[in-house]
Amino acid sequence: MRSSTSSCLEPAAIPHLFIRPMDSVAEIDLVATCYRDAPDYWLLVEGVLPGRDKAERFFTDGPPGCDPAQSYRLGLFLEGRLSGLAELSFGFPEPQDAYLGLMVLGPWAQGAGYGRRFLAHVEGLARERGAAQIFLAVVEANARGRAFWEREGFKPTGVSGKMQFGQCHHRLHRLVKPL
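So, how was this worked out
- Residues numbered from 1 in each chain as written.
- Predicted model: local features only at pLDDT ≥ 70, side-chain atom pairs only at ≥ 80, totals over all residues.
- Heavy atoms only, no water.
- Salt bridge = Lys/Arg side-chain N within 4 Å of Asp/Glu carboxyl O.
- Buried < 20%, exposed > 50% of the residue type's maximum accessible area, 1.4 Å probe, protein only.
- Helix = DSSP H or I, 4+ residues; strand = E, 2+ residues; numbered from the N terminus.
- Contact = heavy atoms within 4.5 Å.

Q: Can you explain the pattern of salt bridges? Please cite residues and give values.
A: Between side chains of opposite charge, pairing is possible as soon as their charged atoms come close. The final tally for this structure, using the stated rule, is 12 salt bridges. Close ionic contact of R36 with D37 constitutes a salt bridge, the shortest N to O distance being 3.0 Å. By relative accessible area, D37 is classed as partly exposed at 31%. The salt bridge partner of E123 is K177, with a shortest N-O separation of 2.8 Å. One end of the pair, E123, is in helix 4 (residues 114-128); the other, K177, is in strand 7 (residues 168-178), with 54 residues separating them in the sequence. Like K177, E123 is buried. The structure contains a network of salt bridges with shared partners spanning D29, R52 and E56.

Q: Residues and numbers for the environment of V159, please.
A: Tracing the backbone through its elements, the reader meets V159 in strand 6 (residues 155-165). Look at V159 and you get partly exposed, because its relative accessible area is 40%. For the pair V159 and L172, spaced 13 residues apart in the sequence, the C-alpha separation amounts to 8.4 Å. Once residues lying within four places of it in the same chain are set aside, the contact partners of V159 are L172, H173 and R174.

So this is what it looks like as structure tokens:
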């Protein structure tokens with residue numbers, strides 16, 4: 001797990017919001033609880049409730065050719081409760097690129113600007129590592145998610161494809177945002 005010298009938002013600026021790297025050994029159960037309490041994304045994408053194995057994979061999954069040890073695994077905490085997770089990798093699709101493999105918020109954290117703040121933090125980490133752009137993939141069935149990404153400046157790359165996640169088949173669309 002990587003840490004960053006700019007790892008947290010200023011508590012004085014947003015006293016109830018804190019973003020920090022997650023510990024792959026000590027915090028698997030915390031991630032599993034967050035997934036359990038916020039299953040909407042997993043039900044949409046995979047058609048099943050997330051289990052502990054999904055929490056374990058949060059710390060190891062990543063895009064092709066990326067070193068999980070060089071990735072950020074971040075938690076967004078609201079009033080001390082883990083309320084969002086993000087995984088940021090480097091080197092995909094090209095060596096100089098950043099890739100946001102996951103960013104999810106619990107329903108209690110959606111619609112209040114926390115996603116925008118979380119994304120700004122992730123983008124700052126990508127800039128610190130020298131990435132000129134950040135990529136992600138959104139499933140076509142996640143219209144609300146895609147609308148969020150597009151509001152935040154992500155544009156279609158023209159790359160799309162089909163993938164199976166759990167029990168569900170989806171069409172994916174790759175988006176990109178210059179940093």
